[in-house]
Amino acid sequence: GQNIPTEFELQEMYDVSRITVRQAIQSLEQEGLVVRARGKGTVVSKQEKIEELLTRIKSFTEEMRDRNMVPGTKFAEISQVRADEHLADVFSCPVDTLLYHVRRVRTANGKAIVLFDTYLLSQKELPLENERYYGSLYQLLEEQGIPHPVGIEEQFAAIIADETIGEALDVDAGSPIMKRVRMSFNKDLQVQEYTLSYYNGMNYTYVVYAGITDKTAN
């Protein structure tokens, strides 16, 4: 809610050019950290919602730490399941192939933000102790010799919370929920992760920037 210094003051403060200051402020604005208010200057955002930029592959833990928020886990459970026809199609594997299923409720500053249902097809054995999945899943997988994915495909939809989602996110059944479906690919372009994510739409939003240029620069 506070104003940052003016462009001129920042130039003087850091001994940089006007265009450098303007580009820096635009970067902050693109990340949702500041807002330009007519007649008020540039104001630090209140950050009522958590905004995630779709610019690179990040874990939930990384995203929250980048926002100076404390990531946590309210619930975590791992099990092994047999692939049904849908999952077999996703992973290009036979029906009844053994998969890992990780269900987690992740929090930010103690508030439930997202329910993750993650399915993994791995040639390496993963630990089956629930407590191992209370931190970053990508970090755990890397510790097990499974590299960070090299690419993702994501789809988004608006849905209504059922009782299971409502209980997990501390919202009423029937509340609006943002559903994200992610497929992550390894270096051989094989699907290594399939995750259904359910976000409380009151607390979370995604931001996409494409083709942004500095229109003030010549």
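Here we summarise the structure given alongside this text. Computed from a prediction, not measured in an experiment: that's the story for all the values here. (Residues numbered from 1 in each chain as written. Predicted model: local features only at pLDDT ≥ 70, side-chain atom pairs only at ≥ 80, totals over all residues. Heavy atoms only, no water.)

1. Describing the overall build of the chain
Piece 1. For the chain, the count of helices and strands is six helices and 10 strands.
Piece 2. Within the chain, the proportion of its 218 residues that are buried is 44%.
Piece 3. Residue pairs in contact within the chain that sit at least 24 positions apart in sequence constitute 55% of those at least 6 positions apart.
Piece 4. Summing over all exposed atoms, the chain offers an accessible surface of approximately 13,000 Å²; the carbon and sulfur share of this is 49%. (Helix = DSSP H or I, 4+ residues; strand = E, 2+ residues; numbered from the N terminus. Buried < 20%, exposed > 50% of the residue type's maximum accessible area, 1.4 Å probe, protein only. Contact = heavy atoms within 4.5 Å. Areas by Shrake-Rupley, 256 points an atom, 1.4 Å probe, with all protein chains shown as cover.)

2. Some points on helix H2 (residues 18–30)
Piece 1. Along its 13 residues, H2 runs 18 Å from first to last C-alpha, staying within 8% of the 18 Å computed at 1.5 Å per residue.
Piece 2. For H2, every residue scored as buried is listed here: Val-21, Arg-22, Ile-25 and Gln-26. Relative to the axis of H2, the buried residues are bounded by an arc of 135° and lie together on one face. (Expected span 1.5 Å × (residues − 1). Arc of directions from axis to C-beta.)

3. Re the packing of helix H1 (residues 7–14) against H2
Piece 1. As a packed pair, H1 and H2 sit with axes 9 Å apart at the nearest point and diverge in direction by 115°. By the angle between their directions, the pair H1 and H2 is classed as roughly perpendicular. Considering only the axes of H1 and H2, their crossing is right-handed. From H1, Glu-7, Leu-10 and Gln-11 reach across to H2, where they touch Arg-18, Val-21, Arg-22 and Ile-25. (Axes fitted to C-alpha atoms, helices over the stretch in contact; angles between N-to-C directions. Parallel < 35°, antiparallel > 145°, perpendicular 65-115°, else oblique. Left-handed = near helix turned anticlockwise from the far one by under 90°.)

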